[in-house]
Amino acid sequence: MSAIVLGKGDALLIVDLQRDFLPGGSLGVPQGDLVIAPINELIRLYHERGLPVYASRDWHPADHVSFAAQGGPWPPHCVAGSEGARFGSDLQLPPDAIVVSKAETAAQDAYSAFNGTGLARRLREQGVSRLAVCGLATDYCVLNTVLDGIGEGFEVLLAPDATRAVNVSPGDGDRAMTRMLMRGAVPVRLSGGHLIADAALGAQL
Ligand SMILES: [Zn+2]
C-alpha cells in the first residue's frame, strides 16, 4: 500500500456518469449511484491541485446503431440533448471540466472515450501522462477506455470503488476488472483524502 503523489501530468477521467446509466435511467447500472460519492472525492482531489478533470458522455442520435430498433443490443439511451443524457445531478463536476462526447453519429458506436474523440491528442497537448479512470460501466465503457488509454501509452489508475458493472452475464464486471489489471491498470482507492495504490487488489490476480 503506497500513497500516490498527484502532480503535473495527472488527470482524472469520469466515464459516462449520465442519468440514463444511473438507477431509474433507461439503461441503469445496478448500484451505479454508489459511485457518485467516491467520484466527487476524486474530483476534489484533482481539482484542488489544479489538475484537469475530463468527463466523457454517450451523445447519440435518436436512431443510433446501438439501439434495439436498429438491431443493436441496448434500449435507447443518452440521446443527445435529452434529460437522460445529462450528467448525474449529484455529480460535482468543476465548471472547467472538459466534456468528451462520443458515438455522436448514427452508424458508429463507441464504448471507449478514446474512440473518435481526439481525447489522446488532447491529453498529450495538456501534458497528461497518467490518467485516473472511474465511472460507468466497468464491463463496457470503462473497460474499453482503460484498455485504449494503456494502448495510447498513458499510465492508467483505476478506482474500483468508483465504478460498477452492468453484468449482462454474471461475472462480466469481475472479468473486465481482471483484464484491465492484467494489462497494467493500477488499482487505487481513496483513503483519508489521499490516493492509495491498492496492491492487495492487484495481488489477487
Ligand atoms: Zn451508448
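Everything that follows concerns the structure shown earlier in this document.
Criteria and cut-off values
- Residues numbered from 1 in each chain as written.
- Predicted model: local features only at pLDDT ≥ 70, side-chain atom pairs only at ≥ 80, totals over all residues.
- Heavy atoms only, no water.
- Buried < 20%, exposed > 50% of the residue type's maximum accessible area, 1.4 Å probe, protein only.
- Helix = DSSP H or I, 4+ residues; strand = E, 2+ residues; numbered from the N terminus.
- Pairing = 2+ DSSP bridges.
- Axes fitted to C-alpha atoms, helices over the stretch in contact; angles between N-to-C directions.
- Parallel < 35°, antiparallel > 145°, perpendicular 65-115°, else oblique.
- Contact = heavy atoms within 4.5 Å.
- Nonpolar A, V, L, I, M, F, W, Y, C, P; charged D, E, K, R; others polar.
- Donors = N, O, S within 2.8 Å, 3.2 Å for Na, K, Ca; no water.
- Core = buried A, V, L, I, M, F, W, Y, C linked by side-chain atoms within 4.5 Å.

### Regarding the pairing of strand β2 (residues 10-15)
Right, on to step 1. Across the six residues of β2, six count as buried, placing the element largely inside the fold.
Right, on to step 2. The alternating pattern of β2 places D10, L12 and I14 and A11, L13 and V15 on opposite faces, both of which are buried.
Right, on to step 3. In terms of strand pairing, β2 meets strand β5 (residues 130-136) through six bridges, oriented parallel. For L13, the partnering residue across the bridge sits in β5 and is V133.

### Focus on the packing of helix α3 (residues 138-151) against helix α4 (residues 172-182)
Right, on to step 1. With their axes 10 Å apart at the nearest point, α3 and α4 run at an angle of 5 degrees to one another. Taken as axis vectors, α3 and α4 run roughly parallel relative to one another. Taking contact as the criterion, the partners of T138, D139, Y140, V142, L143, V146, L147 and I150 in α3 are, on α4, D172, G173, A176, M177, R179 and M180.
Right, on to step 2. Of the residues belonging to the contact of α3 with α4, the class tally is nine nonpolar, two polar and three charged.

### Quick word on unusual backbone geometry
Right, on to step 1. Cis rather than trans, the peptide bond between L136 and A137 has omega equal to -15 degrees.
Right, on to step 2. With respect to the helices, strands and loops of the structure, A137 is situated in the loop between β5 and α3.
Right, on to step 3. For A103, which is not glycine, the phi dihedral falls at a positive 55 degrees.
Right, on to step 4. Relative to the helices and strands, A103 is located in the loop between β4 (98-102) and α2 (119-125).
Right, on to step 5. We note that N167 has phi near 55 degrees; this positive angle belongs to a residue other than glycine.
Right, on to step 6. N167 sits in the partly exposed class, given a relative accessible area of 35%.

### As for the coordination of the zinc ion
Right, on to step 1. Taken together, the protein donors to the zinc ion comprise D58 (OD), H60 (NE2) and H77 (NE2), at separations of 2.0 to 2.1 Å.
Right, on to step 2. Mapped onto the polypeptide sequence, the residues donating to the zinc ion form the spacing pattern D-x1-H-x16-H. When sorted by exposure, D58 lands in the same class as H60, which is buried.

### Description of the nonpolar core
Across soluble globular proteins, nonpolar side chains have a tendency to be buried as a group.
Right, on to step 1. Counting 37 residues, the largest nonpolar core has L12, I14, L17, I39, Y46, L136 and L195 as its most contacted members.
Right, on to step 2. No other element matches helix α1 (residues 36-47), which puts six residues into this core.
Right, on to step 3. Beyond its immediate chain neighbours, meaning those up to four positions away, Y46 contacts L6, D10, A11, L12, L51, V53, A132, L157 and L195.
Right, on to step 4. Counting 28 residues, the second-largest nonpolar core is a separate cluster that includes L119, V142, I150 and L181.

### A closer look at the sheet that holds strand β1 (residues 2-4)
Right, on to step 1. Across the sheet, which stays open at both edges, the eight strands sit in the order β1-β8-β7-β6-β5-β2-β3-β4 with mixed pairing between neighbours. The two strands at the open ends of the sheet, each matched to only one other strand, are β1 and β4. Geometrically, the sheet is characterised by an average inter-axis angle of 35 degrees between neighbouring strands, direction not taken into account.
Right, on to step 2. With two bridges joining them, strand β6 (residues 155-164) and strand β7 (residues 186-191) adopt parallel strand pairing.

### Examining the environment of C141
Right, on to step 1. Along the chain, C141 falls in helix α3.
Right, on to step 2. Once the C-alpha coordinates of C141 and R57 are considered, the two residues, 84 residues apart in sequence, prove to be 9.8 Å apart.
Right, on to step 3. With residues up to four places along the chain from it excluded, the contact list for C141 reads V15, D16, K102, Y111 and L136.

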